[in-house]
Amino acid sequence: MTAIALLAVVAGCTTIVPDAAPGARHGDPVTAAPPPRPGYTADGALQPWIEAGHGEIRRVNGAEGCVALTFDDGPHPTLTPRLLALLAEEDVRATFFVVGSRAQQWPDIIRAMNAGGHEIGNHSWNHPDLTQLGNDQVTEQLARTDAAIFSITGAAPDIVRLPYDASSPRVLSLISRPVIWWDIDTLDWKATSVGEVVDSAVRRARSGSIVLMHDIHATTVSAVRGIIEGLRARGFDFVTVSELMTGRPCRAETVIATARQG
Ligand code: NI
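Residues numbered from 1 in each chain as written. Predicted model: local features only at pLDDT ≥ 70, side-chain atom pairs only at ≥ 80, totals over all residues. Heavy atoms only, no water.

Thoughts on the coordination of the nickel ion
Reasoning step 1: Looking at the metal site, the nickel ion is ligated by Asp 73 (OD), His 123 (NE2) and His 127 (NE2), spaced 2.0 to 2.1 Å from it.
Reasoning step 2: Look at where the donors of the nickel ion fall in the sequence and you get D-x49-H-x3-H. In this pair, Asp 73 is assigned in the loop between strand 3 (66-72) and helix 2 (79-90) and His 123 in the loop between strand 5 (119-122) and helix 5 (135-153), connecting sequence segments 50 residues apart. With respect to burial, Asp 73 and His 123 carry one shared label: buried. (Donors = N, O, S within 2.8 Å, 3.2 Å for Na, K, Ca; no water. Helix = DSSP H or I, 4+ residues; strand = E, 2+ residues; numbered from the N terminus. Buried < 20%, exposed > 50% of the residue type's maximum accessible area, 1.4 Å probe, protein only.)

Considering the side chain of Thr 220
Reasoning step 1: Within the secondary structure, Thr 220 sits in helix 8 (residues 218-233).
Reasoning step 2: Only 3.4 Å separates the side chain of Thr 220 from the backbone oxygen of His 214, close enough to count as a polar contact.
Reasoning step 3: Other than its neighbours up to four places away in sequence, Thr 220 contacts Phe 71, Asp 188, Met 213 and His 214. (Polar contact = N/O pair within 3.5 Å; in protein donor to acceptor, adjacent residues only side chain to side chain. Contact = heavy atoms within 4.5 Å.)

Let's talk about the nonpolar core
Reasoning step 1: Ranked by internal contacts, the top residues of the largest apolar core, which has 36 residues, are Leu 69, Phe 96, Ile 227 and Leu 231.
Reasoning step 2: Listed by contribution, the elements that provide at least two residues to this core are strand 3, helix 2, strand 4 (95-98), helix 4 (107-115), helix 5, helix 7 (194-204), strand 7 (209-214) and helix 8.
Reasoning step 3: The dominant element in this core, judged by the number of residues it contributes, is helix 8, at six residues.
Reasoning step 4: Discounting chain neighbours no more than four positions away, the residues touching Ile 227 are Leu 69, Val 197, Val 198, Ala 201, Val 202 and Met 213. (Core = buried A, V, L, I, M, F, W, Y, C linked by side-chain atoms within 4.5 Å.)

A closer look at empty space enclosed by the protein
Reasoning step 1: This structure, assessed with the given rule, holds one cavity of 30 Å³ or more.
Reasoning step 2: Of the voids in this model, the largest cavity is the one considered here, and its volume is about 40 Å³.
Reasoning step 3: Here the residues of the lining of the largest cavity sort into four nonpolar, one polar and two charged. (1 Å grid on protein atoms, 1.4 Å probe; cavity = no way out; pocket = protein on both sides within 12 Å on 5 of 7 lines; lining within 4 Å. Points joined across faces, edges and corners; volume = space filled by probe spheres on them. Nonpolar A, V, L, I, M, F, W, Y, C, P; charged D, E, K, R; others polar.)

Concerning unusual backbone geometry
Reasoning step 1: A cis amide bond links Gly 74 to the next residue, Pro 75, at an omega of 0 degrees.
Reasoning step 2: Mapped onto the secondary structure, Pro 75 falls in the loop between strand 3 and helix 2.
Reasoning step 3: Despite not being glycine, Asp 73 shows a phi value in the positive range, around 80 degrees.
Reasoning step 4: By relative accessible area, which is 14% here, Asp 73 ends up buried.
Reasoning step 5: For Tyr 164, which is not glycine, the phi torsion reads 60 degrees and is therefore positive.
Reasoning step 6: Mapped onto the elements, Tyr 164 comes out in the loop between helix 5 and helix 6 (169-173).

Spelled out as structure tokens, the structure:
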């Protein structure tokens, strides 16, 4: 709900909403269309700067100097709080694709994520391969997670990531929100050293990259400071996935350069 719509509801003054449906009467609920999601047109099509494959968003062209760090499968009772403390120290905001059952188990960590300005995405209720489930079960996996997160933060996730990257046209057709893939897979879950994870993220990231990691591995959490330092040294700044999808650049110099070209 937008701030204006919320104010209208709070004030109980639905008559001031300018674009009420034709024939609407005083006291009818607010029916103004919601604004398009970041990265989408009003018609629901992906903006041209979004790079997608098989219906999933991989990278954002034009988000010059921006990188989105993403962490899947948490929250973890000790590693996620450690990661959140580190991100706060570094003043970096990231995106967490959380598992609903774990969010319900550790609500304080979800609350801390939200308070830290991080984005929270839906990564299903208990991490099944959704392509193996029936339509109702797929919907249930996402709806239960939405409800759990909503009950903790007051907002349901705007974005989804599929467990195991197991996708199909049928599963995607059941999801109306952006489904987020990545272009940089750090393979952190099988890395044997911190340096390996740091290197895979820092060396390969580009402007608009979405970097895949998991906050349930100690190696990953230990690698994050090196990743932040390495990417900052390359001139990158950090945004959430929804911020990245707006396509806005992170570097002022780039804005100037683009304006000159235009
Ligand atoms: Ni996962």
